[in-house]
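# What the coordinates show
Here's the letter readout for the chains.
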Amino acid sequence: MKRGGLTIGFAMLVAALAGSVLIWFIGKSPLAVYGLLLQRTWGTPYGIGEVLFRATPLILTGLSVMVAFKVGLFNIGAQGQLAAGSFITALCGAALPASLPGPIAVAVCVLAGMLAGAALAGLAGILKIRYGAHEVINTIMLNFIVSAVILWIGNAHVFVKYTLHTRVISDNATLSHLGFTGSEANTSLLLALGLAAAVAYFFNRTRRGFEWRAVGHNPRAAQNGGVQLAGVVIGAMVMSGALAGAVGANYVLGSKHYYERGIGGDVGFMGIAVALLGRNHPAGIVLAALLLGTLQYGGLAVSEQVPKEIFQILQAVIILTVACASAYRGHLFKGKPAAVSVKVSQDTGGERDAAEREHG
Amino acid sequence: MGDQPALELRNISKTYGAVAANREVSLRVEHRSIHAVVGENGAGKSTLMKIAYGHARADAGEVWIKGERIARHSVSQAIARGVGMVHQHFMLVGTLTVAENVVLGQEPRRAGLLDLARAASEIRTLSQKFGLDVDPDARVEDLSVGQQQRVEILKVLWRGCDVVILDEPTAVLTPAEARDLFTVLRGLVQDGMTVVLITHKLDEVLAIATRVTVMRRGERVAEYEAEGLTAEQIVHAMVGRPVQQYVDKQPTSLGKPMLEVRELRVTGARGLPALRGIDLVVRAGEILGIAGVEGNGQTELVEAIVGLRDVDRGTVSIRGKPITGQPVAHRYSVGLAHVPEDRHDRALVLDYSIQDNSILGQQRDFVGSFDVLDRDRVRQHADRLIREFDIRPPDPRHLVSGMSGGNQQKLVVARELSRRALSVLICAQPTRGVDIGAIEAIHRRMIEARDRGLAVLLLSAELGELRSLSDRLAVLYKGQIVATLGQEQLLAEDALDNIGAMMTGAWNPGAGPKDAPQ
Amino acid sequence: MAELLVSLLSLSFLTQVLRITMPYALAAMGGVVSERSGVVNIALEGILLMGAFGAAVGAYDTAGNVFVALLYGVGAGVGTAGVYALAVVTFQADQIVSGVAINLLAYGITPYLLKAFYNSSSNSPAIQGFGGRLFSNPVFWLALALVAVVQVIVTRTRWGLRVRAVGDNPHAAHTLGVSVTAIRWQAVLASGALAGLGGSWLALSGSGFVAEMSAGRGYIALAAVIMGSWRPVWACAASLLFGFAEAVEVNLQTFDLGIPNELIQTFPYVLTMVTLAGFIGRSRAPADLGRPFSAS
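Nothing here was measured: the structure is a model prediction, and the numbers come from that model. Each chain carries its own residue numbering, running from 1 in the written order of its sequence. The order in which chains are written sets their letters, starting at A; the order in which ligands are written sets their numbers, starting at 1. Only residues with pLDDT of at least 70 get local features here, since the model is predicted, and only at 80 or more are side-chain atom pairs given and counted; chain-wide, interface and lining totals rely on the full set of residues.

### Things to note about the overall build of chain A
For the purposes of this entry, the term helix denotes a DSSP run of H or I that reaches at least four residues, the term strand denotes a run of E that reaches at least two, and both are numbered from the N terminus. When helices and strands are tallied, chain A shows 15 helices and zero strands. The size measure is the radius of gyration over C-alpha atoms, and the globule rule it meets is 2.2 Å times the number of residues to the 0.38 power. What you see for chain A is a C-alpha radius of gyration of 21 Å, in line with the 21 Å of a compact globule of 360 residues. Principal-axis analysis of the C-alpha atoms places the extent of chain A at approximately 75 × 50 × 35 Å. Working definition of burial: number of other C-beta atoms within 10 Å of the residue's own, with buried at 20 or more, exposed at 12 or fewer, and partly exposed in between, all C-beta atoms being placed from the backbone. Looking at chain A as a whole, 62% of its 360 residues qualify as buried. In this description, any two residues whose backbone-derived C-beta atoms lie within 7 Å of each other are considered to be in contact. Sequence separation of 24 or more characterises 78% of the internal contacts of chain A that already satisfy a separation of 6 or more.

### Re the overall build of chain C
Along chain C, the regular secondary structure elements total 13 helices and zero strands. Listed N to C, the secondary structure of chain C is α-α-α-α-α-α-α-α-α-α-α-α-α in terms of helices and strands. Computed over the C-alpha atoms, the radius of gyration of chain C is 19 Å, within 12% of the 19 Å expected from 2.2 N^0.38 for a compact globule of 296 residues. Counting all 296 residues of chain C, 57% fall into the buried class. Once local pairs closer than 6 in sequence are excluded, the contacts in chain C between residues at least 24 apart make up 78%.

### What to know about helix α11 (residues 232-252) of chain C
A helix is expected to span 1.5 Å multiplied by its residue count minus one. Here α11(C) is 21 residues long and its end C-alpha atoms lie 30 Å apart, about the 30 Å a rise of 1.5 Å per residue gives. Along its buried surface, α11(C) packs onto α2 (11-36), α6 (138-156), α10 (217-227) and α13 (267-279) of chain C.

### A short note on the interface of chain B and chain C
For an interface, size is often stated in terms of accessible area lost upon the parts coming together. Each side of the interface is counted separately: chain B has 15 residues, and chain C has 16 residues. Listed by contribution, the elements that provide at least two residues to the side of chain B that touches chain C are α2 (75-80) and β8 (113-114) of chain B. Looking at the side of chain B that touches chain C, its residues break down into eight nonpolar, four polar and three charged. Each residue is assigned to one of three groups, with Ala, Val, Leu, Ile, Met, Phe, Trp, Tyr, Cys and Pro labelled nonpolar, Asp, Glu, Lys and Arg labelled charged, and all others, Gly among them, labelled polar.

### Quick word on the nonpolar core
Nonpolar side chains tend to gather and get buried jointly when the protein is soluble and globular. For the purposes of this analysis, a nonpolar core is taken to be any set of buried Ala, Val, Leu, Ile, Met, Phe, Trp, Tyr and Cys residues that are connected through C-beta atoms within 7 Å. Membership of the largest hydrophobic core comes to 388 residues, with the highest contact counts inside it found for A:I319, A:A323, B:I426, B:V475, C:A28 and C:A224. Not counting the four nearest positions on each side in its chain, A:I319 is found in contact with A:I272, A:A273, A:L276, C:V97 and C:A101.

### Concerning the sheet that holds strand β16 (residues 313-318) of chain B
Residue and element names in this part refer to chain B. A pair of strands is considered paired only if DSSP assigns at least 2 bridges between the two. Spatial ordering of the open sheet is given by β14-β13-β16-β17, a layout of four strands whose pairing is antiparallel. Each of the sheet's edge strands pairs with one partner strand only, and the pair in question is β14 (273-283) and β17 (321-322). Here, axes are lines fitted to C-alpha atoms. For helices the fit covers the stretch in contact, and angles between N-to-C directions go from 0 to 180 degrees. Packed onto the sheet, helix α9 (residues 298-306) meets β13 (257-267), β14 and β16 and runs at close to 65° relative to β14.

### Here's the deal with helix α12 (residues 267-277) of chain A
Residues and elements named next belong to chain A. Burial analysis of α12 places 11 of its 11 residues in the buried class, which makes it a mostly covered element. Looking at α12, one finds that the buried residues are V267, G268, F269, M270, G271, I272, A273, V274, A275, L276 and L277. Once α12 ends, the next one or two residues include R279, with phi positive near 55°.

### A look at the confidence of the model for chain C
Segments scoring low in pLDDT should not have their predicted coordinates read at a detailed level. All names here are of chain C. Here chain C averages 87 in pLDDT, and 94% of its residues register 70 or above. Across chain C, helix α9 (residues 180-204) holds the top mean pLDDT of 95, while helix α1 (residues 2-8) sits lowest at 68. Both confidence scores are given for the complex: pTM 0.83, ipTM 0.86. The predictor attaches a confidence to each residue, called pLDDT, with possible values from 0 through 100.

### Here's the deal with the environment of B:E152
Structurally, B:E152 is set in helix α5 (residues 145-158). B:E152 sits 24 residues away from B:A176 along the chain, and the two C-alpha atoms are 19 Å apart.

### Some details on the pairing of strand β21 (residues 472-477) of chain B
Here β21(B) lies mainly inside the structure; five of its six residues are buried. Here β21(B) hands over to strand β22 (residues 480-485) of chain B after two residues, with B:K478 in that stretch at a positive phi of 45°.

### Thoughts on unusual backbone geometry
All names here are of chain B. A cis amide bond links R392 with the next residue in sequence, P393, at an omega value of -5°. Take P393: it is sitting in the loop between α13 (375-389) and α14 (405-417). Positive phi is not limited to glycine here, since Q429 has a value of about 45°. Within the secondary structure layout, Q429 lies in the loop between β19 (424-428) and α15 (436-451).

### Some points on the packing of helix α6 (residues 135-158) of chain A against α10(C)
It is the contact of α6(A) with α10(C), at a shortest axis distance of 10 Å, that shows an interaxial angle of 140°. Judged by the inter-axis angle, α6(A) sits oblique to α10(C). Both α6(A) and α10(C) take part in a crossing whose hand is left-handed. Seen from α6(A), the contacting residues are A:I137, A:I140 and A:M141; seen from α10(C), they are C:Y219, C:L222 and C:A223. When its residues are assigned to classes, the contact of α6(A) with α10(C) shows six nonpolar, no polar and no charged. Note on angle classes: values under 35 degrees are labelled roughly parallel, values over 145 roughly antiparallel, values of 65 to 115 roughly perpendicular, and the remainder oblique. Throughout, a crossing is termed right-handed when the near helix is turned clockwise from the far one, and left-handed when it is turned anticlockwise from it by less than a right angle.

### Some remarks on the packing of α6(C) against α11(C)
All names here are of chain C. At a minimum axis separation of 8 Å, α6 and α11 run at an interaxial angle of 145°. On α11, the residues that touch V147, V150, Q151 and V154 of α6 are P232, V233 and C236. Looking at the contact of α6 with α11 residue by residue, the classes come out as six nonpolar, one polar and no charged.

### Regarding the sheet that holds strand β9 (residues 163-167) of chain B
Residues and elements named next belong to chain B. Read across the open sheet, the six strands follow the order β6-β9-β10-β3-β11-β12; overall the sheet is mixed. Of all strands in the sheet, those bounded by a partner on one side alone are β6 (83-86) and β12 (219-225). Geometrically, the sheet is characterised by an average inter-axis angle of 20° between neighbouring strands, direction not taken into account. Here β9 pairs with strand β10 (residues 194-199) via five bridges, running parallel.

### Let's talk about the environment of B:N407
The topology assignment puts B:N407 in helix α14. Residues within four places of B:N407 in sequence aside, it is in contact with B:I391 and B:R392.

### Examining the pairing of strand β15 (residues 286-291) of chain B
All names here are of chain B. Within β15, six of the six residues are buried, which leaves the element mostly enclosed by the surrounding structure. On β15, burial covers both faces: E286, L288 and I290 on one face and I287, G289 and A291 on the other are all buried. Pairing of β15 with strand β20 (residues 455-459) involves five bridges; the strand directions are parallel. Among the inter-strand pairings, G289 is bridged to a residue of β20, identified as L458. Pairing geometry for β15 and β21, over four bridges, is parallel. Within β21, the residue paired with A291 across the bridge is V475.

Have a look at this one:
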């Protein structure tokens, strides 16, 4: 854990420096901007609320990316999966009878969204198993395709006329706000935290989690240990997609109360940064989500001073820094179901074994 | 040249972490000799030669090549002075041709483009001169293992090396290919070159070496002229004590057939048939050994029995119940256990602890309600294995990647033997890369298992191991069982010769083993 | 329907296909060079985008000087590729993660620079590009020549041999004195130049830079690399297929075929998925693709 902390600290430092350069380049004072950012985020209750509002979907997409990573896969399709999930959630919310009790309505809508995300990611998983097609390209392609399909269905049938959003959902499906002087933070945060705990429990305590982690480290040894790789690949992609699909709870049920084109911004890709920064650990992911949520809302909050894209750039800088620093320590994640490489760890004990093999 | 040796190492010492690979080793290789460096796995021979070749840096000591001391040694220094190494694990680029592989790094050019024609003709010349018979335009991955080794030798010769070091060259060759190699080596020496041979195979040493250095536990313990040398002398020096030829093994009463394989046909890599109709029976209380050069179907046989590879035709049964087509987990549940030939690849998750690895393959047996693993039971299980098999370090939380090869293997064997309702144990190369103490422990456990009534299938490249452990021995050649030997035949004087002949398909039951193959 | 088919057979359609294929083909060749050396190039998308931006800036600053614009574009591509190489070759960071990060970086930097330079949030000011010329455009012939040049370099030169060796068995190359790190750096930079050129073409054949204008072409180029079995000329042929798909999609939208426009837009992406599924098993990737190399 200590090594992880060092990496995160280093990454934040590099990001802060990069941000300073970008801010300075357009003629503003980095310190002033950073100060303003902090003040407008953690300095007011409204700011805190907005940060929480943005951290919630980041927790979910971070978990989504993490689950795939743990098994050696890359789910870059959270963007499309959350779009599909949000869309379905909104449609459910608008279609459900108003007489249904609140908790059930919410549950149905969220589950429907999770199912949509799961189906998309599952498709990429099946293509990988059946054809060996790399899930990176397929999930990215699906992002584009989903975006177009939603637009089509929306324009043809479900969008409110002359707009790019769906009908408002019924009241029983809405999630209440958390206060924070009128910010958009809502109870879906609790859902996200609950899912984080559930994922942690799954990987650390259950038999299946044990098997999945083994696949991520050494798929051939897992296979010899009786684990069926195809099932794990598809299962992990499904779980990953479901987590992304739950994002609809935050924006649709808890905030706008309808689906709008472009919902979520690039929360899907930011999930990669969250997972990396959080060291592929649910607890770390929650913290990383708070951090990146701060950056995201903060970017908006200071957008009259500096372009908010600066913070998008910082997010990429963070990913690169963490990726380089982790590799430098020899330890990001090992093994993918398609590849068969196992790296011996770098600590001294490992050298002994390597030595035995060398001079044997 | 004169009096100077071709290669000399003076008081070389090298330590890797806590292990002393070489302890003040000195070696003198004379020109035009075939000098064998002999020792068991772990004796330090490979390290010594890597230092000679510049691939590794010694902690202390000097390297002299042709009478000149080399201060800052490196691979390019070695090559520049005419020392070349043929590695045990080939360094070849499969998709490139022989010519491309040989010239890589020093490619001849004409008008800015590669001049492969010139490379090819130079290679052909060398090839003819030394009887290497390799087509420069062939793709390396299409060549047989023996031919690939020749490409490695060509790489060395093309660069003008006249001291050639070969690291365990016959590990992957059939006895016939090994004989061809020796002819080539003798040809090299006749042409004025020097050959250094690293090996643990005594018959090779006796067949071809002119001088022998024996290493043990990182030290040079003996040096002999090959003239009049006997295998016993070498073995005694290698192991340091009179060799116990056979493990203590009492005859047992055979039980029912536990593992049955009928007419098994399996396709291997690149669509070629690997097994062409195998029939095997292993009964309770016996060890059936399988001998064969790597690449004749052993890996595919194990994979088919364990469930890691599909079967084209035929059946596999345990206790009379067919398991063909069943998933791996099912086979474990009906009494199968498997010690894989490559523990890092198949048996262990190096990033997991001893504790976690101790249940890999049995995790369902340690589950409570809601699919949650019972950590206490897992811990107890790991503790028990550590105790019973003397696994070091004795801490269940220790990562397996930090363990020695012998301890890792003991863990695997311990785990497999701890399965409930065990009937059949498959061991593939169980003592590869394992120190002597662990080898003895593992052999003892295998005999114990057999005495307890298990059916054991043992696949090994070490004929000595097979001979001392097996009750019966089957020889696998090109995907078929070509012979089966009983106890008496196994213990006969000429058993090793006969088995060697069978392994190359030269066995004709009607005549002697040296006759032409069918 | 009949008008559609007729228009598909016209010369103007053919030139349109060629024009549209260019960025795919150039990016695909860049992908081939990089991947043959063992480095996966998911970052092609970002490099394309940066190349387009660079070319747009160059064209605007010089009021239409195409060659300076190309210089800027190729330079931007090489620079972006340099960052990628630093991460994955020198620091041995995971190639997929780093590639995605580079793409995110490009998607973020380009609007930032748009705001910084031109005070716009979505596109650069209009530029004088190729102006619709194809066969009379020297750059077109230059690009065609490049296809042949890249093919020769990969298959017949010393450098090309080393690249192929490094991509299949870097340890073998290393033991023979070839610097794996240097070769991979060079290959990645070369792919940056090629993809940067592709991006430049994209901007110059339009009227400037539009935010996110690469629209997934970098990923599609990767599919073309796989389809073309990592061989330069075949990857270009595969790119033609995707260029054709995009051209059809553009033209279909002006005909009323009863298929909703939004769905027509998915055509290139669906085609990519379908071809990937069909081709992966049959083409062989360089054996060391995606693995970091350490000389220990």
